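Remarks on the overall topology
Below, each chain spelled out in residue letters.
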Amino acid sequence: MDAENDQRNNSDDDDDGDDVATNDAEEAMPNEQQRDTISSGRYGHSSNKKKSVTAADAEFLEMVDTTTSTASSANHRVVDLHKSNLLRLQMDELVKETILSVDPTDSTVAAAVPKWVSTMMANDYVQQVSKILQERISLSNIKVVDDDHPLSERESNKKKENPSSRSESCPFSFRSDKYHQWKRLSSNQKLKVQTKGCYAANIGFTKPSGNAQVLPTLELTVLIPTDGIMEPKDYMKNRYFDKRNAIIWNVAQQLASTKHASVVGSVYWRGTVDHPTLLLIPPTTEKASHAPKTKNKVKRAKLDDHGHPPQRQQQLRFRVELHFGMDNLDWIQPRIRLAPNRCNLGQKDGNTQSASSPSSHMYNYHLTQDASHCFVNDVKNHSRTLKEEYPHWNEVLVLAKIWCLQRGLLNCHDGLLMEHIALLILYLYRSKLAGPRMGATQVLTALFKLLAETDWLGEHNNREQKALSQSEQRNDNNLIRKAPTEGFQGWLDDTFQATGSKKQKRAVLVLPKDGKTMDQTISEAEMAQLYAKHTLESPLTPNDPKTLLELYQMSYTLGPVFLDPTMTLNYLGRVSPAYIRSLQREAKKGLDCMHLTSITIPFQVLFMTPVRFFHRFDAYMRIPLKDITSKSTSHFWNQQGDKNDLGSYESTARGLIRVLRAALGDRVTDLQLLSTGNGSIPQNNSGTDGVHDSDEIPCFPVHRSEEQQSVQGLPRKLCSPNGRDHLVLGVSLNPDTCFRTVDRGPPADNLEATQLFVELWGKEKAELRRFKDGAIVHAVVWDVNGKTDGDADNNPYFRFQNDDKVQGGIVERIIRHILERHFYRKDKVVTASFSLRNLLTTVDGVIPDDDTTVTFNPLVAHRWAMKAFEEFSTFLRKESLPSMPVPGSDKLRSRLGIPLQIDAVEALDPALRYAQLFPPVPHPLLGGSSLPGFHKASGVVSSSPIQIQIRFSSSSKWPTDLAAIGAAKTAMLVQLVNGIEQIQQQQSSSSVSSRRFATGASYVTSDYADICFKGYVFRVYVRADTELKFLREMVQPTDEAVTLLASLTKKHVVASKHHSILHAVYTSHPSSSTVTRVAQRWVASHLFSELIPFEAIELLVAHVYTNKNSPFDAPGSMVTGLMRLFRLLSSHDWEGEPLIVDPQGYLDDEDHMEIKKEFDAARGPQQNRGPAMFIVAPYDSAALIEVDDGAAQGKASSSIGGGLRHRISRWRPTYTLDQPERVVLSRARQLAERSYRFMEGILTGAGANMEACCSALFQESSQSFLSFSALLRVDSEIVLDHESSSSAESDLSVRRNEKLGVWQSSYTRSMYSRYLGPKALQIKLFKNLLEQREQSYAILLEWNPVDEMVHRIRHELGQFAVFWYNSHCPEVVAMLWRPNIFTPKSFSAISSEYSRPVVEAGWQKDTLVTLNVSDVMRELSSYTKDIVVNEKVFNRGMVIPSMAKNRPSKRKKPQINEDSEDENDKDSESFKEDRGKTRHPKENSKGSDSSSGDDDFDDDHDGNNGDDDKNSQGDGLGESDESSPDS
């Protein structure tokens, strides 16, 4: 009430001032006349031809001058005004495209009238159904039979034959106390039918495209006569509902009978026992009236077997839903029994109620809901008047409907319905929170404001008071001080109210009567007056609130309150607290979009992007309902008789959310259970049956047969509203607090709160602990000791080392603990866990039983590398300071001997920003310590060196010649290495510093130096700003100078800024680096290694986590981040839009527009040129050519001059300029789409049984390998990590290592193999000879022979084919010929290499040439010698395009194709067998598997297969394998 008065006082009474959008764009909004001028002019018609929104937008942008720096603030206001106007135009177009009118006579709705309405098809059907209900449905002899009631003889015989069969007379169980006394129900009165809800007012109807592809539903209310059926006390103890349901079942049987089937169509039982409905699907066949005629003669129509004309199928256009209710409330006496504090379930017949009886809030709501037509007659009878008075009512309702549907917030079993939204909009108008002259955009903003800022549950004030209380007590000695890893759970909150604590008032809305305020409506409300009278005369308890408004504010517990003008019916009585919290969070985001605070594309965010249940949360858990039971300790969720009032499911669902909110606290931001209205939205509604749609409301057909009238599949056991036998819990994690390990209880002197704390967690979990601040309180500690939980034999629950931060591991364990203590049966083991959590096996290790087990914790490994980098950086900066005197001079020199001081050491490597899939581990022979349990060390370092760069202080000593600068950089590196070795020699062998560097293990090249420090290999580059400046200031640069500048800028400037930006993203979002690492594994597993740049993957991940134009929150878990990465990669319009990654918000609107111009220029008019992936980050501006770090990132400087100003574009992608190619991007998008659908199927339950097969995400099927042109098998002795194989035989699950006696993840097994290195090069470690080993053994650095081989063949033969491989497990190198590479061309001596004459049939000899595959393969063999042991060529793409047309027809093409296919299959099988053998090197030798590749490809080339040419085009994908998502 207070909130309502504040809103009303803050609003103006004048309609012109009712705009609630208070941002600058709204203040600068033109008036109605100006908007009309704009609409009819620039945005309207020109030469009687309407312009599109896009054209008008472009024209407006051309008019706006955003380049003048003197008017930047004015330009920003103009751009904001443009955005606001553009949003209005887009919303108007959306309404015009989707809105429908279902009443052709209603002139107040400016909407399209579909054919099924204009032809009166729907009206005729509704009238026919209404006539049947009112005239032909009999209520004179309704039989009532339940399974527990004695059955008839025929039913008893049927039960004996099939004990599980259902009773014919009743598809549900009775709940009342007197159903056994009812033999027959009879009434001489007839049913009455009325239009209901939006159908009655003809508002809110849209096409299926604007209704989540759900058919328009025409709702009718069937009123059951109470006279003769209902007795005076039947409103108690479910008697009314049992009788109503028996009548509904009787009506369903009669409607489904054969005599009405031709008119009614199909009948379905829908909804719950508390509110069942009947769904009618009109018949979709009609008889052929006339035979089809042709021009000259009549074509006779065929008759069916019975001699009738054929029937043709019509597309279903609409459906009808029947709601049932009572015709009046007069039979319920006294009327005060409908008050929310009355109990109509527990007490005996009578008007008295004991003080201890719990209130039946939900039961009373269902009673009033069945008479809702009595409370909306005012709106229904004056609907046309209301639409004339509020002309934008319908438009706002359509927009709000689409917004809710995209978020899965409409048609939920515990959420809003269309009529509720319509009444809320009407409340805005009548409460003067919106004026009739306000546009649809402004009213929608007011609706978002109402939903977001109303204190529906009385929680806002509570949180504010708690925050104020804490701020006031900062100087109090009793205040509990906690560490960042500790959380204080105060139990005197909105979740559990302690006795005597002050309850918080919730906001209560009352729909004002027409022409009156809400206060006047409340004072005249019948129920309010009746309650005040009864409370004054005979209160239930001494503490009863004095008014009905206070009763709702203080004592109502179900959810939000929005009352009708009589204050009898709570329109939102079905809405749960969890739903309203989610609705408020989304409404706040919608309000930000409308105010254009941070969103630049609000229309797409609000109305075009689905944000439904399985897209919105960070983690999902499936909880079987069969395992849930009520325990003695579960009074937290059943303390007020919730089960009797709410029902079994609703009591369980709301109780689960209630207890979990108390237990999780601020660890989560949202908790919600899957409800109806959240199914996947199909692309179109073609062929829909009207029953199965995205609402996912279970429908059970009622048979038409007279002998078998029953409902098929109606569940009797506890199930969710969408028919599932389990709950699906969605959890939004708070990344700042979800990993907190300690929960501190209330102060020890608060006994009642302490008791609640202990009862919630259990005595075994909540223990007394003493903290550093001296407090001794109960606390819960979520330690990470132990690896498994639950059923260790059948379904073990493995704890991963870093799942607390990247996957909400502590939140998961809390939920499991709460389920076990309060919800699960004693004999049940909690097996529920977060879906897809085991994907962490690819990037994380399992927590070991003891601390001595090595698991290669990736987080620890990265921190070790960073710590070594910091020490190395400190060493270089310190030792480069002039500190030693120069003999014979008063000058000082550095200990390193370099002439310039090292000013900065900058990190460039992914290992220094938590992004390396397999982070480097210190090598024991390169200055690192050995790991426990390892008695051997690798003789090679297979990981890439850690890249860093050093920058010297500014000096004029640098030469001015490019060659001299390069030589000086090399000399600096040589001296740096020599200086380090000299320092090593000067230090004592026992000192710590001498053991930090590996003796004799440093290497210097002209470009870099590899230095071994503390077991790590650092690759040091020198950044010379003088060199960059010299190149930038060249007046007439050559092409070589431009190329060199771009290369140096990418290596030194862009790489450093890229590292800084990504490091900030990874530290701000803990799960983002894990997503990057999983993405690396996915990219490599599908053979994209080095075809998709690693930096491009990082930019995609950064966009997923920092995109301000996304309707989603930043992902809080690895699974959600990975799914959104797949979705971005597969759904982004790479040909039509650039991808702008701006995590820190450096870029403004001018930059975005300029990037778009550069993109359009690069793409060209056909949009087929330029980079395949146009990914731009702030460092991709040409301003970065300036070396000065003080220049703002991403902002171009006007000082860019010289010849380079016209040679380099202002914005161009650095890392995706040349890669990936279009063939690579096409294949990656398809695989990303399939991977996303695979993961989504596991979450939704469609592929729940596939969760154990998550390794399919990282595998290539055998059919996928056949899509390539050739395969090269690598010697297995060279491959280090077989665990990362792309083959379908690999198993990435957590397995037990019987030799070591520990459980190992796939990541740990890979790290073991990489740490030990190739078996032939392993070195035994002896503790007493370790120092001698350091000096005597030469460790091979960056030992990756297959990588070097692939680099060479890509450089030499990349113009002929694309080479694919998995860099982590290079067992196979795949080869795919480029499109049109075999196209014949004229002979030229310059291009004669790898060519041969075309001598096929039909061609003149010695005139044209084509590619000589034999020469290419022989050249390839020279590069792959001693590495590749077998080659297979599969005829992919080796066809001369024009040759197939001239090929003689006498050849048996089918026979050739079959032989070729058989040969390919044999090759594939033999290759598969060979590849399988290489997994065990002892079983076969290299020589036995090797074969001369010439014979293979010569034979295959002679039998060219014309059908294989299609595989050389596009992305090169072959037939897909449906068993995995990657084929």
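Just so you know, these numbers come straight off a predicted model, no measurement behind them.

Brief notes about the pairing of strand S8 (residues 276-281)
- For S8, the tally of buried residues reaches six of six residues, placing the bulk of the element in the interior.
- Here S8 shows two buried faces, one formed by Pro276, Leu278 and Leu280 and the other by Thr277, Leu279 and Ile281.
- Bridge analysis of strand S7 (residues 266-271) against S8 gives six bridges, and the strand direction is antiparallel. Across the sheet, Ser266 pairs through a bridge with Ile281, a residue of S8.

Considering the nonpolar core
- Formed by 150 residues in total, the largest nonpolar core has its most connected members in Leu255, Leu322, Trp393, Leu444 and Phe607.
- Leu908, Met1239, Leu1292 and Phe1434 belong to the second-largest nonpolar core, a separate cluster that totals 94 residues.

Things to note about the environment of Gln254
- Relative to the assigned elements, Gln254 resides in helix H10 (residues 239-255).
- Note on Gln254: relative accessible area 19%, which makes it buried.
- The spatial distance from the C-alpha of Gln254 to the C-alpha of Ser138 is 8.7 Å, given a sequence separation of 116 residues.
- In contact with Gln254, other than residues within four places in its own chain, are Arg136, Ile137, Ser138 and His260.
- Of the polar contacts made by the side chain of Gln254, one reaches the backbone oxygen of Ser138; its length is 3.2 Å.

Examining the packing of aromatic side chains
- Across all of its chains, the model carries 44 aromatic pairs by this definition.
- Ring centres of Phe918 and Tyr1307 lie 6.2 Å apart, and the angle between their planes is 5 degrees; this geometry places the pair in the stacked category. Placement of the pair is Phe918 in the loop between strand S26 (902-907) and strand S27 (936-938) and Tyr1307 in helix H41 (residues 1306-1316), with a sequence separation of 389 residues.
- In textbook terms, an aromatic cluster arises when at least three aromatic residues are bridged by ring pairs, as seen for Phe872, Phe875, Phe997, Phe1013, Tyr1016 and Phe1018.
- Over the aromatic face of Phe771 sits the side chain of Arg744, whose NZ or CZ is 4.0 Å from the ring centroid.
- Over the face of the ring belonging to Tyr1008 we find Arg1019, whose NZ or CZ atom lies 4.0 Å from the ring centre.

Concerning the pairing of S7
- Here S7 hands over to S8 after four residues, the two strands then running antiparallel side by side.
- Across three bridges, the pairing between S7 and strand S17 (residues 699-701) is antiparallel. Pairing of Trp269 across the sheet is with Phe700, part of S17.

Let's talk about unusual backbone geometry
- Pro334 follows Gln333 through a cis peptide bond whose omega is -5 degrees.
- Secondary-structure assignment places Pro334 in the loop between strand S11 (319-326) and helix H12 (361-369).
- Cis geometry is found at the peptide bond from Gln1219 to Pro1220, where omega equals 0 degrees.
- Take Pro1220: it is sitting in the loop between strand S34 (1175-1176) and helix H39 (1222-1244).
- The phi torsion at Lys432 lies on the positive side, around 65 degrees, for a residue other than glycine.
- Within the secondary structure layout, Lys432 lies in the loop between helix H16 (418-430) and helix H17 (440-453).
- Taking relative accessible area as the criterion, Lys432 reaches 40% and is therefore assigned partly exposed.
- The phi dihedral of Glu696 falls on the positive side, at around 55 degrees, and the residue is not glycine.
- Its location among the elements puts Glu696 in the loop between strand S16 (668-673) and S17.

Cut-offs applied
- Residues numbered from 1 in each chain as written.
- Predicted model: local features only at pLDDT ≥ 70, side-chain atom pairs only at ≥ 80, totals over all residues.
- Heavy atoms only, no water.
- Buried < 20%, exposed > 50% of the residue type's maximum accessible area, 1.4 Å probe, protein only.
- Helix = DSSP H or I, 4+ residues; strand = E, 2+ residues; numbered from the N terminus.
- Pairing = 2+ DSSP bridges.
- Core = buried A, V, L, I, M, F, W, Y, C linked by side-chain atoms within 4.5 Å.
- Contact = heavy atoms within 4.5 Å.
- Polar contact = N/O pair within 3.5 Å; in protein donor to acceptor, adjacent residues only side chain to side chain.
- Phe/Tyr/Trp six-rings, centres within 6.5 Å; stacked < 30°, edge-to-face > 60°.
- Lys NZ or Arg CZ within 6 Å of the ring centre and 35° of its normal.

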